[in-house]
2 protein chains.
Amino acid sequence: MIVPPKNPNETNREYAFRVISMNIISLDIEPGSMIGEQEIANVLGLSRTPVHEALLELSKSKIVDILPQKGCLVSMIDSDLIREARFLRITVETALVEDACEMAKEADINELEENLQLQEFYLSKDTDKFFNLDNEFHKTIYRICNKMQCYYMVNLMSIHFDRVRNLSLHSVKDLKIVSDHHAICDAIKAKDPVAARAAFQKHMARFELDWNIISREYKQYISDGSK
Amino acid sequence: MIVPPKNPNETNREYAFRVISMNIISLDIEPGSMIGEQEIANVLGLSRTPVHEALLELSKSKIVDILPQKGCLVSMIDSDLIREARFLRITVETALVEDACEMAKEADINELEENLQLQEFYLSKDTDKFFNLDNEFHKTIYRICNKMQCYYMVNLMSIHFDRVRNLSLHSVKDLKIVSDHHAICDAIKAKDPVAARAAFQKHMARFELDWNIISREYKQYISDGSK
DNA sequence: GAAATCGAACTAGCATACAAGATGCATTCA
DNA sequence: TGAATGCATCTTGTATGCTAGTTCGATTTC
């Protein structure tokens, strides 16, 4: 488990949540493994309480399953939950990119374009950095539309999806993500909701290809009943 | 504050969450009021711990705002958060009713129709019962489409919307909700996604009218900047 | 040898205790 | 009189202790 330093303005609970989430997405905590509150509390140098509260929040998205008096099971990669997370993102963000065509100011477009410059720079250099930039790109679209609370809810559930997306970045070679993002950004800039919708859906459709590769390559992490 | 009995298989945390949510929606806990963990713990006969955890979960949807070392502020009725909650529901459930046209089995249609029978029965008799049936109707649509995790996430945020919806049921006389539901159900039964989408959007559009009435009638509960 | 039983060692839920920051009022001081 | 100060008393965040339920292995029993 990777333990970054605690940020100054972060509560212990937020710190625990951040570190555990990170390690689940990066697979440094293995899908299907059991983790105990005390065990994590020891690693992070905290008491059980903030760790308990962080795990409670994670359990809301079913990324962990708290089994009372037994322990905390980190979920296997579950195609049903990924399908739900992906449905939610596609549905919500498709509507958002359309709205963004009216809502986006010049400064917003600049923010997106600056992000895309950095994406190009880091794509082949630093996978984790790129992953964060990708997340920021999507988050900016929520912000443009004044839907930050929706972002929080969708993002919490997206962790299932993120875990696979992170694997993709490390495994799948043919990455067209940045040009997809450019197409979305250009459509918003051109105030063309039809093009924005199309570009976004094309972007999200790539996942099907990745999933085919990932699901073969990481069989041991994928729960039964999926393919 | 109304305190129903604790269900047998419910943890104290779940009980606290259920009771506090209920009282926020029913306005038995007033918008803008401060509540303390100890105070609620006393009323429910619990310790602070499960109450604290319940409030943490509620704070995720911003329906309460935990101010460290000060207290817990129950949010005013906030048009921005309602707009977000409503956007999320409309966006997600519009997509769902379309999918439901393919997914719904005969048993599912029966479940919806049985629910509608009860809605007609209780509409003028028992507002709270009707409110629950309305919720169940929407929940069933998620279940038909195998999107229960999405239901949980959308529902958590919907509490802002629910608080006003509950006021509507008590204040707004001209209720066409049941016939709306019938139209949605009939479209799903006829496997007509275009009609289902239209019926659902017509249903959700009613809220604008209600909001105009509510926002005048309950000004004291509505946060500044809204109209 | 196999099955049943008991108990030690785990777990999370919850209660309680303590720490540290916010508040408000009484007191002090100019 | 008015502003500043300090303390008593709130609050939530966190740590710790206790309870009860689960697991697993050693021991007993047949």
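Caption draft 1: Inspection of helix H2 (residues 37–44) of chain B at higher detail. Residues and elements named next belong to chain B. Every buried residue belonging to H2 is among Glu37, Ile40, Ala41 and Leu44, and all of these are buried. Buried positions in H2, seen along its axis, are confined to an arc of 105° and lie on one side of it. Close packing links the buried residues of H2 with helix H1 (12–25), strand E1 (34–35) and helix H3 (48–60).

Caption draft 2: Structural detail: the protein's contact with DNA strand C. Not every one of the 21 residues close to DNA strand C is listed here, only the nearest: His52(A), Asn12(B), Ser47(B), Thr49(B) and Lys70(B). Near the protein, within 4 Å, the atoms of DNA strand C are sugar or phosphate in 67% of cases. Gln69(B) is positioned such that a nitrogen or oxygen atom in its backbone is 3.3 Å from a base nitrogen of DNA strand C. Note that a phosphate oxygen of DNA strand C is positioned 3.1 Å from one of the side-chain N or O atoms of Lys70(B). Contributing elements (two or more residues each) for the surface near DNA strand C: helix H3 (48–60), strand E2 (64–67) and strand E3 (71–74) of chain A together with H1 and H3 of chain B. The class makeup of the residues in the surface near DNA strand C is six nonpolar, nine polar and six charged.

Caption draft 3: Quick look at the interface of chain A and chain B. With 26 residues of chain A at the interface, the matching set in chain B holds 26 residues. Across the chain A/chain B interface, buried area totals approximately 2,400 Å², and carbon plus sulfur atoms make up 69% of it. Summed over the shared surface of chain A and chain B, the number is two salt bridges. As a salt-bridge pair, Glu57(B) and Lys60(A) come within 3.1 Å of each other at their nearest N and O atoms. If you list the elements that add at least two residues to the side of chain A that touches chain B, you get H3, helix H4 (79–103) and helix H7 (148–171) of chain A. By residue number, the principal contributor to the side of chain A that touches chain B is H4(A), which donates nine residues. A breakdown of the residues in the side of chain A that touches chain B according to their chemical character gives 13 nonpolar, five polar and eight charged.

Caption draft 4: Fine view of the domain arrangement of chain A. Residues and elements named next belong to chain A. Taken domain by domain, chain A consists of domain 1 (12–74) and domain 2 (79–226). Distance between the C-alpha centres of domain 1 and domain 2: 26 Å. Counting residues at the interface gives 14 residues for domain 1, matched by 12 residues for domain 2. Buried surface at the junction of domain 1 and domain 2, summed over both partners, amounts to about 1,200 Å²; 71% is from carbon and sulfur atoms. Taken together, the connections running from domain 1 to domain 2 amount to three residue pairs in polar contact (both at pLDDT 80 or more). Listing elements by their share of the side of domain 1 that touches domain 2, those giving two or more residues are helix H1 (12–25) and H3. Residue composition of the side of domain 1 that touches domain 2, grouped by class: eight nonpolar, three polar and three charged.

Caption draft 5: Broad picture of the nonpolar core. The biggest cluster of nonpolar side chains holds 88 residues, and the ones touching the most others in it are Val92(A) and Val92(B). Once you skip the residues sitting within four places of it in the chain, Val92(A) turns out to touch Tyr142(A), Val154(A), Phe87(B), Leu88(B), Thr91(B) and Val92(B).

Caption draft 6: A look at the relation of the copies chain A and chain B. After a rotation of 180° and a shift along the axis of 0.0 Å, chain A superposes on chain B with an RMSD of 0.0 Å. Both copies of the chain, as the preceding transformation shows, are related through a two-fold rotation axis. A high fraction, 100%, of the interface residues of chain A reappear at the interface in chain B, so the copies pair face to face through one surface.

Caption draft 7: Here's a closer look at the packing of aromatic side chains. All names here are of chain A. For the structure on display, the rule yields 10 aromatic pairs over all chains. Residues Phe207 and Trp211 carry aromatic rings whose centres are separated by 6.2 Å and whose planes lie at 15° to one another, so their mutual orientation is stacked. Here the residue Phe207 and the residue Trp211 both occupy positions in helix H9 (residues 193–217), the gap between them amounting to four residues, near one helical turn. Here the two residues Phe207 and Trp211 agree in accessibility, since each one is buried. Through successive ring pairs, a cluster of aromatic residues spans Phe161, Phe207 and Trp211. The ring of Phe121 carries Lys125 above its face, with NZ or CZ at 4.3 Å from the centroid.

Caption draft 8: Summary view of the sheet that holds E1(B). Residues and elements named next belong to chain B. One open sheet holds the three strands; their spatial order is E1-E3-E2, and the pairing between them is antiparallel. On the outer flanks of this sheet lie E1 and strand E2 (64–67), each paired with one strand and no other. In terms of strand pairing, E2 meets strand E3 (residues 71–74) through four bridges, oriented antiparallel. The partner of Ile66 across the bridge, within E3, is Cys72.

What counts, and at which threshold
Going along each chain's sequence as written, the residues are numbered from 1 onward. Chain A is the first chain written and ligand 1 is the first ligand written, with later ones labelled in order. Per-residue local features are limited, in this predicted model, to residues with pLDDT of at least 70; the limit for side-chain atom pairs, both in listing and counting, is 80 or more; totals at the level of whole chains, interfaces and linings are taken over all residues. Think of the side-chain values as coming from all heavy atoms in the structure, minus any hydrogens and water. Remark: exposure states derive from per-residue accessible area (1.4 Å probe, protein chains only) relative to the maximum for the residue type, with buried under 20%, exposed over 50%, and partly exposed in between. Numbering goes from the N terminus for both helices and strands, where a helix is a DSSP run of H or I of at least four residues and a strand is a run of E of at least two. The arc in question is the one spanned by the directions pointing from the helix axis to the C-beta atoms. Contacts were defined at the residue level, with two residues in contact if any of their heavy atoms lie within 4.5 Å. A cutoff of 4 Å decides nearness: a residue is near a molecule or strand if any of its heavy atoms lies inside that distance of it. Polar contacts, as counted here, are pairs of nitrogen or oxygen atoms within 3.5 Å of one another; within protein the pair requires one atom able to donate a hydrogen and one able to accept it, and residues that are adjacent in sequence qualify only if both atoms are side-chain atoms. Gly counts as polar in this scheme, as do all residues outside two lists: the nonpolar Ala, Val, Leu, Ile, Met, Phe, Trp, Tyr, Cys and Pro, and the charged Asp, Glu, Lys and Arg. By convention, the term buried area covers the 1.4 Å-probe accessible surface removed from two parts as they join, with the contributions of both added. Should a side-chain nitrogen of Lys or Arg be within 4 Å of a carboxyl oxygen of Asp or Glu, the pair is scored as a salt bridge. Start and end positions for the domains come from either an automated domain assignment or a database one. As used here, the term nonpolar core means buried Ala, Val, Leu, Ile, Met, Phe, Trp, Tyr and Cys residues forming a set that is joined through side-chain atoms within 4.5 Å. We superpose the copies by least squares over the C-alpha atoms of residues that have a pLDDT of at least 70 in both of them. Aromatic pairs are defined between Phe, Tyr and Trp rings, using the six-membered ring for Trp, whenever the two ring centres lie within 6.5 Å; interplanar angles under 30 degrees are classed as stacked, those over 60 as edge-to-face, and all others as tilted. By definition here, charges over rings are those cases where NZ of Lys or CZ of Arg is within 6 Å of the ring centre and within 35 degrees of the ring normal. One requirement defines pairing of two strands: DSSP has to find at least two bridges between them.

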